[in-house]
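Reading the structure
Now for the letters of each chain:
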Amino acid sequence: MLFNSFVFLFVFLPLVVVAYFALPSHRARLALIVVASYAFYAYAKWWFALLMAASTLVGFVGGQLVERAPTVGRRKLALGVTAALLLALLGAFKYAAFVGGNLTSFVGVITAHGFPGFHAFLNGIVLPIGISFYTFEGISYTADVYRRKLPAERDPLRYLFFISFFPHLIAGPIVRYGILQPQLLRKHRFDVDRVRAGLLLFALGLAKKTLVADGLATWVNRYLDDPSSLHAFEAWAAIVGFGFQIYFDFSAYSDMALGLARIFGIELPWNFNRPYRASSPIEFWRRWHVTLSTWLRDYLYIPLGGNRKGERRRDANLLATMGLGGLWHGASLNFVVWGLYQGLLLLATHRVRRLALRVPPAVAVGVTFVAVMFGWVFFRLHSAGAIGDAVSAMVFARGLGQFPGHLVVLIVAACAYTALVPEEWTWDVKSFGFARVATVGAVLAVAIASIYTSHPFIYFRF
Amino acid sequence: MARLLVFLGTTAVLLGACAGLNWWVDPFGEFWKPAAVDDARASSPPCLVSHEVIGGEYLPFKLDVFRSRPTYKFVTGSSRVLKIGSWPGEQSFANLGMPVISPEVVLEELRSLPRTVPETMYLGVEAFWFNPNFTGFDVTPGFEHRVRYVLSRSAFEESVRILRRAPYVFLHRWQKERVGSSCVIGRARPALAWKLDGSRVWSFEPDPKTYHPAIDPFTTDLRKLRTGIYAGWTELSKKRLHVLEQILALARSRGWRVIGFTPPDGARYLRFFASNPVIGPRWREFGKLMPKLFRRYGYGWLDFRDAASIPCRHSDFVDGGYHTDAACSMRMRGRLDAAAGRGLTLVALGDSIPAARPRECRCRNGFVSIYARTLSRATHQPVSTLNLAVPGSNSSELLAAVRHDPRVRNADAILLMIGHNDTPWVSPGGSVGLLTRNLDAILGTLHAPLVRVANFYDDQHGKPRVAAEYARAICAVARRHQVPCADVYDAFNANLLAPDHVHPSEAGHRLIARLLVRLGFAPY
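Cut-offs used in this document
Residues numbered from 1 in each chain as written. Chains lettered and ligands numbered in written order. Predicted model: local features only at pLDDT ≥ 70, side-chain atom pairs only at ≥ 80, totals over all residues. Pairing = 2+ DSSP bridges. Helix = DSSP H or I, 4+ residues; strand = E, 2+ residues; numbered from the N terminus. Axes fitted to C-alpha atoms, helices over the stretch in contact; angles between N-to-C directions. Contact = placed C-beta atoms within 7 Å. pLDDT = per-residue confidence, 0-100. Nonpolar A, V, L, I, M, F, W, Y, C, P; charged D, E, K, R; others polar.

1. Observations regarding the sheet that holds strand S7 (residues 192-194) of chain B
By definition, the strands of a sheet pair up through backbone hydrogen bonds, in either a parallel or an antiparallel sense. Residues and elements named next belong to chain B. Read across the sheet, five strands follow the order S5-S6-S1-S7-S8 without closing on themselves; strand pairing throughout is mixed. Looking at which strands have only one partner, the edges of the open sheet turn out to be strand S5 (175-179) and strand S8 (200-202). Going from strand to strand, the sheet's axes swing by 40° on average, the running direction of each strand aside. Relative to strand S6 (residues 182-186), S5 is paired through five bridges, and the arrangement is antiparallel. Across the sheet, the residue bridging to Arg178 is Cys183, located in S6. The sheet strands contacting helix H2 (residues 34-42) are strand S1 (48-50) and S6, and the helix crosses S1 at an angle near 150°.

2. With respect to the confidence of the model for chain B
Residue and element names in this part refer to chain B. Mean pLDDT over chain B: 88, with 98% of residues reaching 70 or higher. Ranking the elements of chain B by mean pLDDT puts helix H16 (residues 406-409) last with 76 and strand S15 (residues 485-486) first with 95. Listed scores for the predicted complex are pTM 0.67 and ipTM 0.76.

3. What about the sheet that holds strand S3 (residues 93-95) of chain B?
Residues and elements named next belong to chain B. Spatially, S3-S2-S4-S9-S10 is the arrangement adopted by the five strands of the open sheet, whose pairing is parallel. Among the strands making up the open sheet, the edge pair consists of S3 and strand S10 (300-303). The mean angle between the axes of side-by-side strands here comes to 15°, regardless of whether they run parallel or antiparallel. With four bridges connecting them, strand S2 (residues 73-76) and strand S4 (residues 120-124) associate as parallel partners. What sits directly across from Val75, in S4, is Tyr122.

4. Brief notes about the interface of chain B and chain A
Taken together, the contacts link 19 residues of chain B with 21 residues of chain A. Listed by contribution, the elements that provide at least two residues to the side of chain B that touches chain A are helix H1 (2-25), helix H6 (143-150) and helix H7 (153-165) of chain B. Classifying every residue of the side of chain B that touches chain A gives 11 nonpolar, four polar and four charged.

Next comes the structure, spelled out in structure tokens:
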């Protein structure tokens with residue numbers, strides 16, 4: 001089920017909210033959310049719910065085993081087995097087609113024999129939406145138990161809630177159990193201010209998605225669906241447009257998730273903080289998809305040795321972390337290239353910092369902006385040919401071309417918005433008066449009316 | 001709480017206003033408006049109904065057309081049959097076709113028709129229906145679809161555009177307008193309109209100054225050709241074939257007479273479809289399968305893929321090769337009427353034995369005439385006989401003759417008796433093997449619902465053993481094609497020969513006819 005669907009807005013959400021606060025018992029409310037979340041997830045395909053249940057079972061039992069293991073070696077073993085099982089599920093559904101397809105193509109090139117049947121089988125594998133997110137949540141929980149940062153959860157209902165809670169289920173934020181668990185221990189009374197604040201944040205997120213991100217998507221897709229026809233102006237405008245599209249799209253989803261969770265009395269971690277104002281790639285990753293970047297830092301970069309084992313090892317760790325972070329986004333080489341590109345930007349930042357140059361902040365922000373935007377080429381375009389077309393256009397190898405006025409106007413507006421307006425999740429929506437509340441209500445009406453032509457959230461496919 | 005109510009209330013009021021306006025104006029025709037069609041009927045002379053008013057509500061409109069007329073004959077199929085209309089003054093014909101229709105929708109439509117009156121159905125079958133990747137138009141949008149529609153911004157913007165152009169829509173959702181010499185129930189100058197028999201009218205027909213369909217640019221890119229309906233067509237969809245069989249079974253259970261046909265394509269498309277490595281095999285398979293399928297249910301099939309067979313010319317296509325104009329469409333109607341109303345056509349193929357020249361057999365009636373009378377009595381239908389048998393003809397000559405003969409292609413019943421002139425004592429060099437191969441090819445080209453084969457008798461001019469071998473071979477080939485075979489060789493004797501000792505006498509012809517009749521008249 002999608003947040004920007006009528007069945008969610010007019011059936012699912014009202015029913016769940018009313019039922020949640022109508023139930024007197026805290027445990028009954030948790031159970032209601034779990035059941036509703038599984039229904040929410042199974043709405044796309046029923047067997048998605050089974051897969052999530054399997055992942056939840058592995059994580060829950062794994063946490064117990066890690067905690068009860070008598071020796072460090074056994075704890076490590078329990079953690080390793082749990083993480084391997086969780087990653088196996090992810091791998092089977094997300095990466096089997098990618099790895100198998102590339103292997104069979106490679107073997108096919110060598111032996112001159114194709115494997116059409118096997119290829120068809122691999123291509124038939126359906127990626128369950130959200131699997132990357134709840135797999136990472138399960139791993140972070142088990143790793144935190146291993147590090148004794150938190151005790152293993154004894155109550156299966158709370159763990160079920162943690163994994164399946166529908167606001168963050170499909171596209172994050174990636175929640176850590178340490179953040180959620182304390183909030184699950186107490187009953188949340190119906191607080192009209194909190195519910196209103198949650199709804200307002202949700203409405204603002206929906207508006208950002210359907211009015212801004214989708215507006216940009218229409219123009220961006222028009223250019224990037226056929227990169228071979230691009231010239232410099234169009235290519236740059238399309239890629240910068242995509243950079244803003246993905247920001248508004250994903251941050252909108254995060255705002256909606258935060259707003260929805262707030263209705264139920266749960267505060268989720270924020271994900272975005274004006275990333276295009278970053279003055280370096282390092283800062284960019286502290287502002288962009290923060291729950292993923294901190295997850296990668298805490299559960300991949302630091303275990304690999306982080307920066308504790310010398311500069312070369314740090315650089316290798318950074319590239320490995322960012323490359324795998326790229327691969328997390330999708331089973332395709334272009335995402336790996338994008339991740340490695342981001343890793344190289346981070347390495348370059350470390351090198352430049354060592355030079356102790358005095359760069360004016362505006363210049364630093366501008367350079368970072370251009371570098372990050374250029375990286376979106378590898379993210380948005382999947383084939384080497386398309387990437388080559390776009391890059392050659394961007395380096396002026398195909399001439400300037402026509403000035404894409406409509407898209408540039410949208411980009412300028414988006415740029416001004418991100419420069420001047422703080423993230424919506426930081427707004428004090430609780431204190432909004434009647435006029436502002438009515439305005440957001442009107443914006444929500446326009447946003448709902450725009451759902452008919454809405455595009456799917458970009459991060460759903462990850 | 002007050003602020004929460006203001007927030008939700010503002011949203012609700014604005015969405016309600018949007019929904020109300022979109023429902024009233026209905027800019028894309030998502031709601032069935034029977035009153036508009038009633039207004040068209042009440043006018044004198046009756047008006048056309050603008051496509052703007054009907055929109056995508058094809059199914060209720062077509063069912064309304066069917067029920068509002070004493071319909072005994074109707075055509076259904078894709079947009080390519082929509083120009084097949086009534087003859088002047090005819091009230092009993094309805095066009096139930098719909099754009100982007102699929103067999104599933106045809107089945108749904110037929111199931112919705114009242115089952116009281118036996119009907120004659122002309123079913124326009126499209127080859128692309130059997131492309132598993134082709135998806136038809138959803139004619140029964142659900143509740144959620146309608147909610148999305150009335151709450152959509154694009155519909156709202158279109159509603160506002162219509163209101164600016166035609167402010168009267170605020171009070172009256174449609175009005176009577178004139179397009180050329182026709183009156184149209186609509187709200188602006190329509191590109192398309194519907195007659196009350198369900199057939200379609202381009203606005204350029206009543207008024208040449210208005211919209212004319214664009215020439216469909218020809219492309220060999222299957223993803224773009226005709227909006228991609230042929231793309232990725234690697235097999236005939238078994239599911240869709242099953243649905244077509246359900247349609248034919250439904251028609252048979254209701255006692256309907258059915259003539260299947262496939263609408264024509266422009267010559268360039270025809271060449272492309274026949275030669276394209278992706279479509280070609282499917283195109284040929286479709287051409288072979290349809291007559292067999294219809295024959296299995298006792299129905300006839302007219303293959304109009306080649307426009308010249310109707311006959312229509314290139315200039316009869318309004319868009320360069322896909323949709324035909326009124327004149328060509330009505331010629332199709334004429335062919336369909338002839339196929340439905342003429343009774344059965346019996347074609348006889350073979351040599352001098354079925355030809356039964358009186359001076360040879362000294363008889364008044366050959367077995368073909370006797371069989372035709374019995375067939376007519378058994379089926380309660382008039383039977384017209386086309387005796388195409390040629391004295392002296394052998395199987396090679398017959399094969400060359402039947403391959404491209406439209407009379408054979410459109411026959412309802414075929415009698416075949418050949419082989420006597422293939423014997424070595426008549427044609428030096430003739431052999432059982434050659435006859436078997438030719439007969440095999442001949443039977444492969446015959447698609448009539450009823451085909452009967454008879455072997456020939458021993459006229460004692462050659463070796464009896466060889467004559468027996470020929471007779472057995474003929475029936476063996478027929479069996480391979482699942483065609484019933486009358487064993488004349490066994491039942492015949494020398495007393496049944498005419499005075500020329502070559503051809504059967506009148507009694508001999510009666511015997512042959514009796515043997516053929518014993519094979520039954522299935523599927524009729």
